[in-house]
Amino acid sequence: MGELVDYLGDAGTRAALLSMLLDHVVLSLLPLVFAVVLAVVLGLVCHRYRRVNGFLVGLSNVVYTIPSLALFAIIPAVIGTQVLDPLNVVIALTVYTTALLVRPVVDALDAVPAHVTAAATAMGFRPWRRFLTVELPLSVPVLAAGVRVGSVSNISLVSVGALIGTGGLGTLFTDGFRQRYLAPIVVGIVLTLALALVVDLLLVALRDALTPWARAGRA
């Protein structure tokens, strides 16, 4: 306990922790935003064109099985970035999270009642307007569950990026193990868990804000 107090008592350490935390937030949440957009597009394609559904969903499952550390190492060779470029982590996590979210998006769109879409079509809604104003809002509860899993996965996987020197809270783990110093490891675990909890609560609040009818139904 005294070791932990001494570690956190240093002003330079606290500043470094804040910087690592902010890096972790950017590296984990930016790919989540990109992935949601890509997954919605791919999920819509799967929903509308059943012949490609099995292929895209199967491909996403295969992509998600690629070891994260291997993907972090491969991307610089593919796109020509430096090994330590944070862009590698952003791209890798965007790929992972998109692969994770494709099936939930398809399931969410399939869960929209057919009579609702038929009613929107009968009212003159064109396909894109119907998707944006009817199908997508109604699929938010199912989609939100997948996004919450993706956020936790990203926050966890960013720590792996520290093995190739990309920063974030994972640096605390690598430094702690290298120096055989327990304090940064404990702080890293606590901050990672706290970040995952805060992001999850924010996503739940966003889901409730986007689906007031569901909240009213629960009330």
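Conventions and cut-offs
Residues numbered from 1 in each chain as written. Predicted model: local features only at pLDDT ≥ 70, side-chain atom pairs only at ≥ 80, totals over all residues. Heavy atoms only, no water. UniProt positions renumbered as here; feature names shortened; annotations may be inferred. Helix = DSSP H or I, 4+ residues; strand = E, 2+ residues; numbered from the N terminus. Buried < 20%, exposed > 50% of the residue type's maximum accessible area, 1.4 Å probe, protein only. Contact = heavy atoms within 4.5 Å. Polar contact = N/O pair within 3.5 Å; in protein donor to acceptor, adjacent residues only side chain to side chain. Phe/Tyr/Trp six-rings, centres within 6.5 Å; stacked < 30°, edge-to-face > 60°. Axes fitted to C-alpha atoms, helices over the stretch in contact; angles between N-to-C directions. Parallel < 35°, antiparallel > 145°, perpendicular 65-115°, else oblique. Left-handed = near helix turned anticlockwise from the far one by under 90°. Nonpolar A, V, L, I, M, F, W, Y, C, P; charged D, E, K, R; others polar. Salt bridge = Lys/Arg side-chain N within 4 Å of Asp/Glu carboxyl O.

An unreviewed UniProt entry annotates the chain as ABC transporter permease subunit originating from Saccharothrix mutabilis subsp. mutabilis. As recorded by UniProt, the Sequence similarities (unreviewed entry) comment attached to the chain reads in full: "Belongs to the binding-protein-dependent transport system permease family."

Enquirer: Please clarify how the overall build of the chain should be interpreted in this entry.
Expert: Looking only at helices and strands, the chain has 10 helices and 0 strands in total. Along its sequence from the N terminus, the chain presents helices and strands in the succession α-α-α-α-α-α-α-α-α-α. Projected onto the principal axes, the alpha-carbon positions of the chain cover approximately 70 × 45 × 20 Å. Put simply, the chain has 219 residues, and 42% of those count as buried.

Enquirer: I keep staring at the environment of Ser151 and nothing clicks. Help me out?
Expert: In this structure, Ser151 sits in helix 7 (residues 127–160). Residue classification places Ser151 among the buried positions, given a relative accessible area of 1%. The spacing of Ser151 and Leu56 is 95 residues in sequence and 22 Å in space, taken between C-alpha atoms. Sequence-distant contacts of Ser151, that is, excluding residues within four places in its chain, are made with Leu32, Val199 and Leu203. Within the structure, the side chain of Ser151 is placed 2.7 Å from the backbone oxygen of Arg148, a separation counted as a polar contact.

Enquirer: Honestly, the packing of aromatic side chains in this entry has me stumped. Any pointers?
Expert: Any pair of aromatic rings gets described here by the distance separating the centres and the angle formed by the planes. Evaluated as defined, the whole model comprises 2 aromatic pairs. Each ring, one from Tyr64 and one from Tyr96, has its centre 5.8 Å from the other, and the planes form 90°; the classification is edge-to-face. Of this pair, Tyr64 sits in helix 3 (residues 50–64) while Tyr96 sits in helix 5 (residues 86–110), and the two are 32 residues apart along the sequence. Exposure remark for Tyr96: the relative accessible area of 3% places this residue in the buried category.

Enquirer: Teacher, can you tell me more about the UniProt feature "transmembrane region" (unreviewed entry) in the chain here?
Expert: Here the UniProt feature "transmembrane region" (unreviewed entry) sits at residues 25–45, 52–75, 87–106, 155–174 and 181–206. Across residues 52–75, the secondary structure splits into 88% helix and 0% strand, with the terminal C-alpha atoms separated by 26 Å.

Enquirer: Where do I start with the UniProt feature "domain: ABC transmembrane type-1" (unreviewed entry) in the chain in this structure?
Expert: According to UniProt, the "domain: ABC transmembrane type-1" (unreviewed entry) feature falls on residues 21–203. Taken end to end, residues 21–203 comprises 85% helix and 0% strand; its first and last C-alpha atoms sit 19 Å apart.

Enquirer: For this particular structure, what's the right way to read the packing of helix 6 (residues 114–122) against helix 7?
Expert: Geometry of a packed helix pair, given as the angle between the helix axes and the separation of the axes. Direction vectors running N to C along helix 6 and helix 7 enclose 165°, while the axes themselves pass 11 Å from each other. Classed by the angle they form, the pair helix 6 and helix 7 counts as roughly antiparallel. As for the relative orientation of helix 6 and helix 7, their crossing is right-handed in sense. Counting all contacts with helix 6, which are made through Val116, Thr117, Ala120 and Thr121, the residues of helix 7 involved are Arg130, Val134, Glu135 and Leu138. Among the residues making up the contact of helix 6 with helix 7, the classes are represented as 4 nonpolar, 2 polar and 2 charged.

Enquirer: What should I look at first to understand the side chain of Thr117 in this one?
Expert: Position of Thr117 among the secondary structure elements: in helix 6. If we ignore the near neighbours within four places in the chain, the residues touching Thr117 are Val112, Arg130 and Glu135.

Enquirer: Sorry if this is basic, but what is going on with the packing of helix 1 (residues 2–9) against helix 2 (residues 11–48) here?
Expert: Where helix 1 contacts helix 2, the axes come no closer than 5 Å and their chain directions differ by 80°. Judged by the inter-axis angle, helix 1 sits roughly perpendicular to helix 2. For the pair helix 1 and helix 2, contact is made by Tyr7, Leu8 and Gly9 and by Ala11, Thr13, Arg14 and Leu17, respectively. Grouping the amino acids of the contact of helix 1 with helix 2 by side-chain chemistry returns 4 nonpolar, 2 polar and 1 charged.

Enquirer: Sorry, what's going on with the pattern of salt bridges here?
Expert: Opposite charge on two side chains permits them to pair, given that their charged atoms come into close proximity. In total, this model carries 5 salt bridges according to the counting rule given. Residue Asp200 is joined to Arg148 by a salt bridge in which the shortest nitrogen-to-oxygen separation is 2.7 Å. One end of the pair, Asp200, is in helix 9 (residues 182–210); the other, Arg148, is in helix 7, and 52 residues separate them in sequence. Two residues, Arg178 and Asp175, come together in a salt bridge whose shortest N-O distance is 2.7 Å. Pair noted here: Arg178 and Asp175 are both in helix 8 (residues 170–179), with a separation of 3 residues, about one helical turn. Among the residues examined, Asp175 registers a relative accessible area of 22% and is labelled partly exposed.

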